[in-house]
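Working through the structure, step by step
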Amino acid sequence: MTSAIEAEGLVKRFKGGVVALDGVSFAVEQGSVFGLLGPNGAGKTTVVRILTTVLAADGGRARVLGYDVARQPEMVRGLFGLAGQNAAVDENLTGRENLQMIGRLSHLSRAAARARAAELLEEFGLLDAAERSLKTYSGGMRRRLDVAAALVARASVLFLDEPTTGLDPQSRAELWSVIERLVEGGTTVLLTTQYLEEADRLASRLAVVDRGRVISQGTPAELKAALGRTVLEIELPDSAAAELAARAVAPLSAGAPGVYGSSVELPAEGGPRTAMEALRVLDREGIEPVRLSLREPSLDDVFLALTGHRAEQGATSTGEGARGRGPSVPDAAAGAGAARWASPS
Amino acid sequence: MGVPVVTLRPPGTAEGAPGAGLRLRWAFADTVTLTWRNLVRYVRIPETLFWSSVQPIMFVLLFRYVFGGAIRTGGVSYVNFLIPGIFIQTIAFGAVNTAIGLAEDLQKGIIERFRALPMARSAVLTGRTFADLGRALVVCGIIMGVGYAVGFRAETGAAAVLAGVGLLLLFSYALSWGFAVIGLVAPNSETAQVMAFPLLFPLTFASSAFVPVQTMPHWLHGFADYQPVSVVCDAVRALMIGGPTASAVWQSIAWAFGIVGVLAPLAVRRYRRLAR
Ligand SMILES: Nc1ncnc2c1ncn2[C@@H]1O[C@H](COP(=O)(O)OP(=O)(O)O)[C@@H](O)[C@H]1O
Ligand SMILES: [Mg+2]
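Only a predicted model underlies this, so the values are computations on that prediction, with no experimental measurement involved. (Residues numbered from 1 in each chain as written. Chains lettered and ligands numbered in written order. Predicted model: local features only at pLDDT ≥ 70, side-chain atom pairs only at ≥ 80, totals over all residues. Heavy atoms only, no water.)

**Focus on the interface of chain B and chain A**
Under the convention used in this document: Two residues form a contact once any of their heavy atoms are found within 4.5 Å. We define buried area as the total accessible area lost by two parts upon association, computed with a 1.4 Å probe and summed across both. A pairing counts as a salt bridge when a side-chain nitrogen of Lys or Arg comes within 4 Å of a carboxyl oxygen of Asp or Glu. Side-chain atoms alone can form a polar contact between residues adjacent in sequence; in general such a contact is a pair of N or O atoms within 3.5 Å, and within protein one must be able to donate a hydrogen while the other accepts it. Strands are runs of DSSP state E lasting at least 2 residues, helices are runs of H or I lasting at least 4, and numbering of each runs from the N terminus. When residues are grouped by polarity, Ala, Val, Leu, Ile, Met, Phe, Trp, Tyr, Cys and Pro land in nonpolar, Asp, Glu, Lys and Arg in charged, and all others, Gly among them, in polar.
Tallying the contact residues gives 47 residues for chain B and 47 residues for chain A. Carbon and sulfur atoms make up 57% of the surface buried where chain B meets chain A, a total of about 3900 Å² over both sides. Where chain B touches chain A, the interface holds five salt bridges. Notably, a salt bridge pairs A:E74 with B:R23, separated by 2.3 Å at the nearest N-O pair. Between chain B and chain A we count 12 residue pairs in polar contact (both at pLDDT 80 or more) in total. Sorting the residues of the side of chain B that touches chain A by element identifies α1 (20-44), α4 (96-108), α5 (110-115) and α7 (158-185) of chain B as the ones contributing at least two each. Broken down by element, the side of chain B that touches chain A gets its largest block of residues, 10 residues, from α1(B). Tallied by class, residues from the side of chain B that touches chain A come to 28 nonpolar, seven polar and 12 charged.

The structure is reproduced here in structure tokens:
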């Protein structure tokens, strides 16, 4: 097992006393997708900037394909593709020109840069818009072009910093399948995301980051198994019925039921058996549920269990630190991310 | 883990970092690419260039027809005195574009992407300053046209006039490096622009560009006589409408190299520090 990316105890302090990274370590196996999952302000972008040689760490070490990012940045730079958090594309150029420029700057020959741009435009469904200035592109198109730009040099390591933030569901699904195809081809991907669903779907391993620390690491399944529990959700016509139902089903579980408006959530260690018992009890009490479902623990539950706070709280307490120079974060997208972290309770 | 992995060979030679020859070739190619990229903007949005030439045209008209009558310039007609001054003023103000362009690229995160590419890092700065040199060349053409339209006539030979334009371009390139520092320090492009003005106004107006320095109060002579805008202006004036050239030309060249020598390393250092 070889690691394509290794981070050891990365520390980064920004001016103004913000400790963006407080000893971040992880390793990414070659040919896998590794997810850095965390709320806004957790330090994900800072990790990516250090690994891509754009920012110097104050402590710790990092290697990409065996090369130290601080000592051999020139060796590292040709080895990866980067799609940063803010789609860094040139507004005044066309889509095709953007890709060709990146190709030239990656030292492809003129002909190779042209051919590669055409290939990627096709692959990302941007051929029709290829000769248009980027000013006319939608947010989704820009994102796709940005990811395409990261692929120009056919690097074997790819950094994608919140690639789908701010995208509509269809564009997101399209990008997901692009990433899956790349991984089938052997590319190593480091992906950051605020979307639980995204990490769950794409990443084979992930690190949960909060306030500059990795608070947990493992496969999505391991994290859920270690910390989450299957939950029985029972929806009732009104909150009075919910109170009654909660009292009725309480003895079925070691954990206490929670009442959220007109619905009840019960830890269901027994899985389907707990559900069957619950239905029997409710039937005996003459309570008729509107809806009943078993829910696998979500990564959101995991985050809550790990940190004791909802992710969005983390976002407000650490994310508001004064930002100096540096690309701005798309606010609307950050808001959408925070909303996703909120539990459906 | 069973997955076939294609590991790209690091750029350059099979072992170790790319050699010096290759680096130099890349630095050149990357500069060409970025110069093109920066110039495209002026071609795609010709309004930028149009509106930035409106200001010097207004100055030409204002000084030629409004203030000019009151300004005594000895044996030289005021329009002939004025146009070399307009050249230098436009060049100086135009150099602000270097600051604005860099600040904007930083703000938009493009430079961040460039810094993660295997390209020559110097190319971000050289590509920018060369593009602005190209812009200055076009602006010189426009001023020459406008000058002739309002009655300016060069009184020396074509070679001397061309030498004058060459001197202007050299000075323009030097100033670009100065303004690159501002562009790299400013938090955004708007601030870069307003940071430049307190420098530009004294340099262009307390100079020999619009009025002879002798007409200014005594205490100002020391600054107005020796500051670079005056020196280059005097040299360009001598090259275009006659007069002793040698000393002013050499002083101009010295100023240009001096500015580059001091400010280019500062810009490069500041650029490197973006990684902190
Ligand atoms: N250039 C900077 N100057 C000062 N603080 C910064 C800078 N960049 C990021 N930070 C701070 O560092 C922390 C981590 O930021 P970031 O890595 O962007 O988080 P994420 O990508 O997870 O949202 C935040 O508190 C942020 O405000
Ligand atoms: Mg981020």
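Structure's up, so let's keep going.
**A short note on the packing of helix α3 (residues 95-105) of chain A against helix α4 (residues 110-123) of chain A**
Residue and element names in this part refer to chain A. Just so we agree on the cut-off: Note on method: axes are straight lines fitted to C-alpha atoms, helices fitted across the in-contact stretch only, with angles between N-to-C directions ranging 0 to 180 degrees. Note that the term roughly parallel is reserved for angles under 35 degrees, roughly antiparallel for angles over 145, roughly perpendicular for angles of 65 to 115, and oblique for everything else. Left-handed describes a crossing whose near helix is turned anticlockwise from the far helix through less than a right angle; right-handed describes the clockwise counterpart.
Viewed as axis vectors pointing N to C, α3 and α4 meet at an angle of 135°, and their least axial separation amounts to 8 Å. Classified by the interaxial angle, the pair formed by α3 and α4 is oblique. The two elements α3 and α4 cross, and the hand of that crossing is right-handed. Here G95, R96, L99, Q100, G103 and R104 of α3 lie close against α4, whose contacting residues are R110, A113, R114, A117, A118, L120 and L121. Looking at the contact of α3 with α4 residue by residue, the class counts come to six nonpolar, three polar and four charged.

**Let's talk about the environment of B:V139**
Residue and element names in this part refer to chain B. Put simply, the rule is: Exposed residues in this analysis have more than 50% of their type's maximum accessible area, buried residues have under 20%, and partly exposed residues fall in between, with area computed by a 1.4 Å probe over protein chains only.
Its location among the elements puts V139 in helix α6 (residues 123-149). The class of V139 is buried, set by a relative accessible area of 7%. Considered as a pair, V139 and G94 are 45 residues apart in the sequence and their alpha carbons are 8.6 Å apart. Ignoring sequence-local partners within four residues, the contact set of V139 consists of L49 and T90.

**A short note on a positive patch on the surface**
Condition: Only residues whose relative accessible area exceeds 30% and that take part in no salt bridge are eligible for patches, with like-charged residues grouped when within 9 Å of each other and nonpolar side chains (Val, Leu, Ile, Met, Phe, Trp, Tyr) grouped when within 5 Å. Accessible surface is estimated by sampling points in the Shrake-Rupley manner with a 1.4 Å probe; for residues, cover comes only from the protein chains shown. Neither His nor the chain ends is counted toward charge; the positive residues are Lys and Arg and the negative residues Asp and Glu. Here the site of a charge means NZ on Lys, CZ on Arg, CG on Asp, or CD on Glu.
On the surface, a cluster of positive charge is contributed by A:K15, B:R269, B:R270, B:R273 and B:R276. Note that B:R273 resides in the segment after α11 (246-272). Residue classification places B:R273 among the partly exposed positions, given a relative accessible area of 41%.

**Overview of the domain arrangement of chain A**
Note the threshold: These domain boundaries are the output of an automatic or database domain assignment.
Each assigned domain of chain A is listed here: domain 1 (3-224) and domain 2 (229-296). For domain 1 of chain A versus domain 2 of chain A, the separation of C-alpha centres amounts to 43 Å.

**Some details on a nonpolar patch on the surface**
A grouping of B:L61, B:L62, B:Y65, B:V66 and B:F67 is seen on the molecular surface, where their side chains present a nonpolar patch of about 460 Å² in accessible area. Locating B:F67 in the fold gives a position in helix α2 (residues 46-67).

**Overview of the coordination of the magnesium ion (ligand 2)**
Residues and elements named next belong to chain A. Selection criterion: Distances decide who is a donor: an N, O or S atom must be within 2.8 Å of the metal, or within 3.2 Å for Na, K and Ca. Water is not included, so sites may look incomplete.
Around the magnesium ion (ligand 2), the protein supplies T45 (OG1) and Q85 (OE1) as donor atoms, at distances of 1.9 to 2.1 Å. Pair noted here: T45 is in helix α1 (residues 44-51) and Q85 is in the loop between β6 (80-83) and α3, with a separation of 40 residues, a long-range link. Note on Q85: relative accessible area 13%, which makes it buried.

**As for the pairing of strand β4 (residues 59-64) of chain A**
Residue and element names in this part refer to chain A. In plain terms, the rule: Only strands joined by at least two bridges in the DSSP assignment are considered to pair.
Where strand β1 (residues 3-14) meets β4, five bridges bridge the pair, whose relative direction is antiparallel. By the bridge assignment, I5 is partnered in β4 with V64. Here β4 hands over to strand β5 (residues 67-68) after two residues, with L65 in that stretch at a positive phi of 50°.

**A look at the environment of A:E162**
All names here are of chain A. Mapped onto the secondary structure, E162 falls in the loop between β7 (157-161) and α6 (169-184). Residue classification places E162 among the buried positions, given a relative accessible area of 2%. Taking the C-alpha atoms as reference points, E162 and A83, separated by 79 residues in sequence, lie 8.6 Å from one another. Here E162 is in contact with K44, Q85, R143, T192, T193 and Q194, once residues within four sequence places are set aside. Side-chain polar atoms of E162 contact the side chain of Q194, separated by 3.4 Å.

**Some points on the state of the cysteines**
Covalent bonding between the sulfur atoms of two cysteines defines a disulfide. Worth spelling out the cut-off: When the sulfur atoms of two cysteines come within 2.5 Å, that pair is taken as a disulfide.
Scanning all chains against the criterion turns up zero disulfides over all chains. With no disulfide of its own, B:C233 lies closest to B:C140 among cysteine sulfurs, the gap being 13 Å.

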